Amino acid sequence: MKLSTRVLVTGGAGFLGSHLCARLISEGCEVLCVDNYFTGKRRNVSSLIGHPSFELMRHDVTFPLYVEVDQIYNLACPASPVHYQSDPVQTTKTSVHGAINMLGLAKRCRATIFQASTSEVYGDPEVHPQTESYWGRVNPIGLRACYDEGKRCAETLFFDYHRQHGLAIKVGRIFNTYGPHMHPNDGRVVSNFIVQALQGQDITIYGDGTQTRSFCYVSDLIEAFVRFMNTDRAITGPINLGNPGEYTMLELAETVLRLTGSRSRLIFQPLPADDPRQRRPDITVARSVLDWQPTVPLEDGLKETIAYFRSVLDQKGE
């Protein structure tokens, strides 16, 4: 697989971005990692600092960036409800202004640009599992709209730049992903359950626990990113990227308890506003176009993630 030399990763010090930077460096790319550290952490890319092909820059994508690159992975945006709802106006700006700035850069450099979109564009879906042709069911004025509608608008901008300017775009709709480098306080279900279990706290389940999610291990997702970026120019997406395995919140909680050996109790809280009841990707297109599907079983991925959170919590306790 041939990769271009100069690659920009926005949000590169975040959960997904840090894994992507490491993968690209291993493939022989020169990587410019850009992050404003709102949720990203310098420690996520500490192993890459000093590598001759890696550069780290503090920058907010809501402001223009003038560099020379061949490929752009636009990952910049807080992705957990706790973080994106803490400053919803800035979240929308990051999705929309950030997309405009990165698309403008791609146009000037004639670079191929990948947009990290999200399954949240489907909202609380009426179609299950979700295919790329489904337009979604999103509340445009709800608490999650800053993220949901921001990502939907970004997709609009990507396809308009493609049609109007002939820009080479790749739009991937990411479903729930987990693994090392997740933020321990991001409010997402995997990190919540693991941290609560390791600390012996009650495990908080919202709703009755029967709502479902699909969980993709981070290495599988990064493989999909790289394959997608290096497809033929005519392949634009959107393409669902996630694991089609479906688990209830109760099943996930019980698995985490077993793997951690925790004696934490399960407690139930009201379901947050606009929280989707079901979420599972149809990855028929990804299988066909990218020859890709996840390979890491949930338990194996959870073991790696638990080990990571143990180390993070141990460091905090020192």
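Once a new chain begins, its residue numbering starts again from 1 and follows that chain's sequence as written. A pLDDT threshold of at least 70 governs which residues receive local features in this predicted model, and a stricter bar of 80 or more applies before side-chain atom pairs are shown or counted, although totals over entire chains, interfaces and linings include all residues. Computation of side-chain values covers all heavy atoms of the structure but excludes hydrogens and water.

## What to know about the overall build of the protein chain
Scanning the protein chain from N- to C-terminus turns up nine helices and 13 strands. It is over C-alpha atoms that the radius of gyration is taken, and the globule rule equals 2.2 Å times the number of residues to the power 0.38. Taking 2.2 N^0.38 as the reference for a compact globule, 318 residues should give roughly 20 Å; the C-alpha atoms of the protein chain span a radius of gyration of 19 Å, in line with that estimate. Dimensions of the protein chain, computed from C-alpha atoms along their principal axes, come out at roughly 55 × 45 × 40 Å. Looking at the protein chain residue by residue over its 318 residues, the buried ones come to 55%. Contacts between residues were defined by any pair of non-hydrogen atoms, one from each residue, lying within 4.5 Å. Considering only contacts within the protein chain whose residues lie at least 6 apart along the sequence, 81% involve residues at least 24 apart. Each accessible area is a Shrake-Rupley result for a 1.4 Å probe, and residues are judged covered by the shown protein chains and nothing else. For the protein chain, the computed accessible surface area is about 13800 Å², with 48% contributed by carbon and sulfur atoms. Charged side chains of the protein chain number 32 positive and 34 negative; the gap between the two group centres comes to 3 Å. Starting at the N terminus, helices and strands are each numbered in turn, a helix being any DSSP run of H or I of at least four residues and a strand any DSSP run of E of at least two. In this scheme, a residue with accessible area under 20% of its type's maximum is buried, one over 50% is exposed, and one in between is partly exposed, where area comes from a 1.4 Å probe on protein chains only. When charges are counted, Lys and Arg contribute as positive and Asp and Glu as negative, whereas His and the chain ends are disregarded. The location of each charge is read from NZ of Lys, CZ of Arg, CG of Asp or CD of Glu.

## Description of helix H5 (residues 189-198)
Most of H5 sits out of view: nine of its ten residues are buried. Looking only at H5, the buried set comprises Val189, Val190, Ser191, Asn192, Phe193, Ile194, Val195, Gln196 and Ala197. Where H5 terminates, the next one or two residues include glycine 200, which has phi positive at roughly 70°.

## Side note on the sheet that holds strand S5 (residues 112-118)
Reading across from one edge, S3-S2-S1-S4-S5-S6-S11 is the order of the seven strands in this open sheet, with parallel pairing throughout. What marks the edges here is a single partner per strand, and that holds for strand S3 (54-58) and strand S11 (239-241). Each neighbouring strand pair of the sheet contributes to a mean axis angle of 20°, computed without reference to strand direction. Packed on one face of the sheet, helix H6 (residues 218-229) meets strand S4 (71-74), S5, strand S6 (169-174) and S11 and runs near 160° to S6. When DSSP finds two or more bridges between two strands, those strands count as paired. All axes are obtained by fitting lines to C-alpha atoms, using only the stretch in contact for helices, and the reported angles, taken between N-to-C directions, cover 0 to 180 degrees.

## Observations concerning the pattern of salt bridges
Whenever Lys or Arg places a side-chain nitrogen within 4 Å of a carboxyl oxygen from Asp or Glu, that contact is recorded as a salt bridge. For the structure on display, the rule yields 16 salt bridges. Taking the shortest distance from any N to any O, the salt bridge between arginine 280 and glutamate 246 comes out at 3.0 Å. Of the two residues, arginine 280 sits in the loop between strand S13 (266-269) and helix H8 (284-290) while glutamate 246 sits in the loop between S11 and strand S12 (247-248), which places them 34 residues apart along the sequence. Members of the salt-bridge network, linked through shared partners, are Arg23, Glu27, Glu223 and Arg227.

## Details of helix H4 (residues 145-165)
Its 21 residues give H4 an end-to-end C-alpha distance of 28 Å, which sits within 8% of 30 Å, the value for a rise of 1.5 Å per residue. Looking at H4, one finds that the buried residues are Ala145, Cys146, Tyr147, Asp148, Gly150, Lys151, Ala154, Glu155, Leu157, Phe158, Phe159 and Tyr161. Where H4 is buried, its residues touch helix H2 (81-84), helix H3 (88-109), S5 and S6. Positive backbone phi, at 70°, marks glycine 166, one or two positions downstream of H4. Multiplying 1.5 Å by the helix residue count minus one yields the expected span of that helix.

## Quick look at the packing of aromatic side chains
Only the six-membered ring of Trp is used, alongside the rings of Phe and Tyr, when aromatic pairs are assigned; centres must lie within 6.5 Å, and planes under 30 degrees apart are stacked while those over 60 apart are edge-to-face, with the rest tilted. What the rule picks out here adds up to eight aromatic pairs. Ring plane angle 90° and centroid distance 5.9 Å describe the contact between phenylalanine 114 and phenylalanine 228, whose orientation is recorded as edge-to-face. Highlighted residues: phenylalanine 114 in strand S5 and phenylalanine 228 in helix H6, separated in sequence by 114 residues. Since its relative accessible area comes to 0%, phenylalanine 228 is described here as buried. With a centroid separation of 6.1 Å and 40° between ring planes, the pair formed by tyrosine 122 and phenylalanine 175 is classed as tilted. Taken together, the residues span a long stretch of sequence, with tyrosine 122 in the loop between S5 and H4 and phenylalanine 175 in the loop between S6 and strand S7 (177-178) at a distance of 53 residues. As far as the burial class goes, tyrosine 122 and phenylalanine 175 line up, both buried. Grouping aromatic residues by their ring pairs yields a cluster made of Tyr73, Phe114, Phe225 and Phe228.

## Considerations on the environment of valine 190
For valine 190, the location among the structural elements is in helix H5. Residue valine 190 is classed as buried on the basis of its relative accessible area of 3%. On a C-alpha basis, the gap between valine 190 and tyrosine 178 in space is 6.9 Å, while along the polypeptide they are twelve residues apart.

## Concerning the side chain of threonine 255
Here threonine 255 is to be found in helix H7 (residues 249-260). Think of a polar contact as two N or O atoms within 3.5 Å of one another; within protein, one of them needs to be a possible hydrogen donor and the other a possible acceptor, and neighboring residues in sequence only count if both atoms come from side chains. At a separation of 2.8 Å, a polar atom in the side chain of threonine 255 contacts the main-chain carbonyl oxygen of glutamate 251. Setting aside anything within four residues of it in sequence, one finds threonine 255 in contact with Glu299 and Leu302.

## Quick look at unusual backbone geometry
A negative phi angle characterises most non-glycine residues, just as the trans form characterises most peptide bonds. Each neighbour pair has its own omega, and for histidine 128 with proline 129 the value is -5°, a cis peptide bond. The omega torsion across glycine 237 and proline 238 is 5°, close enough to zero to call that bond cis. With respect to the element layout, proline 238 can be found in the loop between H6 and S11. In this structure, tyrosine 37 takes a positive phi of about 65° despite not being glycine. Residue tyrosine 37 is classed as buried on the basis of its relative accessible area, which comes to 18%. Not every positive phi belongs to a glycine, and arginine 110 is a case in point at roughly 60°. Note that arginine 110 resides in the loop between H3 and S5.

## What about the environment of alanine 22?
Within the element layout of this structure, alanine 22 appears in helix H1 (residues 15-26). Residue class for alanine 22 comes out partly exposed when judged on its relative accessible area of 34%. Sequence separation between alanine 22 and glycine 261 is 239 residues; the distance between their C-alpha atoms is 32 Å.

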